[in-house]
Amino acid sequence: MAEQRDLSQYQRVVIDQDLCISCGACVAVCPWQALELDENAKARLIWEKCYDDFSCVAACPVKCIYKTSEAPDDAKKKPNWYRLGRQLSPDEQKILNDWKAKFGIPVDPLPPS
């Protein structure tokens, strides 16, 4: 079984999919496989897999990926830029809700696919 991590300690990233050029550089450098290209070939975060490596921020040639604390509010408000990779436990759901409140994320993640 995969190692359980305390999801409350991570800041994560926000992706502005409108700026994304679908190059996949972020997906290639993430050591946690926390990024994917969605059905429109835009970068998308898998929320519970992001452990604050931030390689993706540096790798993005168009600077559309931000540390959550540094992300513009308009990027945080856009839909579909993050999803859940699996069903969260009640404790993990609380951590997600606390993260959204702390960083001003008004949109919910897409459900696991």
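Residues numbered from 1 in each chain as written. Predicted model: local features only at pLDDT ≥ 70, side-chain atom pairs only at ≥ 80, totals over all residues. Heavy atoms only, no water.

**Topic: the pairing of strand β3 (residues 43-46)**
We apply this condition: Each residue's exposure class comes from its accessible area (1.4 Å probe, protein chains only) as a fraction of the maximum for that residue type: buried when under 20%, exposed when over 50%, partly exposed otherwise. A run of H or I in DSSP counts as a helix once it spans at least four residues, and a run of E counts as a strand once it spans at least two, with each numbered from the N terminus. The pairing criterion for strands is at least two bridges between them, as found by DSSP.
Where burial is concerned, the two faces of β3 agree: the one with Ala-43 and Leu-45 and the one with Arg-44 and Ile-46 are both buried. Sheet topology places strand β2 (residues 35-37) next to β3; three bridges connect them, and they run antiparallel. Opposite Glu-36, over in β3, you have Arg-44 as the bridge partner. Linking β2 back to β3 in an antiparallel pair, the connection comprises five residues, with Ala-41 at a positive phi of about 65°.

**As for a nonpolar patch on the surface**
Test applied: Patches in this entry comprise residues that are over 30% relatively accessible and not in a salt bridge; like charges within 9 Å are linked, as are nonpolar side chains (Val, Leu, Ile, Met, Phe, Trp, Tyr) within 5 Å. Here the Shrake-Rupley method, with its probe set to 1.4 Å, supplies the accessible areas, and only the displayed protein chains count as covering residues. Whenever Lys or Arg places a side-chain nitrogen within 4 Å of a carboxyl oxygen from Asp or Glu, that contact is recorded as a salt bridge.
There is a patch of nonpolar side chains on the surface, built from Leu-19, Ile-21 and Val-62 and spanning about 240 Å² of accessible area. Counting through the fold element by element, Val-62 comes out in the loop between α2 (55-59) and β4 (65-67). Note on Val-62: relative accessible area 31%, which makes it partly exposed.

**Re the environment of Trp-81**
Put simply, the rule is: By the convention used here, residues are in contact when the closest approach between their heavy atoms is within 4.5 Å.
In this structure, Trp-81 sits in the loop between α3 (73-77) and β5 (82-83). Counting along the chain gives 62 residues from Trp-81 to Leu-19, while the straight-line C-alpha distance between them is 12 Å. Apart from the residues lying within four places of it in its own chain, the contact partners of Trp-81 are Val-13, Val-14, Ile-15, Gln-17, Arg-44, Leu-45, Ala-75, Lys-76, Trp-99, Ile-105 and Val-107.

**Quick notes on the packing of aromatic side chains**
Counted only if it meets this: Geometry of aromatic contacts follows a simple scheme: Phe, Tyr and Trp rings, the Trp one being its six-membered ring, pair when their centres are within 6.5 Å, and the pair is stacked under 30 degrees between planes, edge-to-face over 60, tilted otherwise.
Scanning the entire structure with this criterion turns up seven aromatic pairs. Taking 5.0 Å as the distance between ring centres and 75° as the angle between the ring planes, the aromatic pair formed by Trp-32 and Tyr-51 counts as edge-to-face. Within this pair, whereas Trp-32 is found in the loop between α1 (25-29) and β2, its partner Tyr-51 is found in the loop between β3 and α2, the two being separated by 19 residues in sequence. Judged by its relative accessible area of 18%, Tyr-51 falls in the buried class. A ring pair is formed by Trp-47 and Trp-99, whose centres lie 5.8 Å apart and whose planes are at 65°; its orientation type is edge-to-face.

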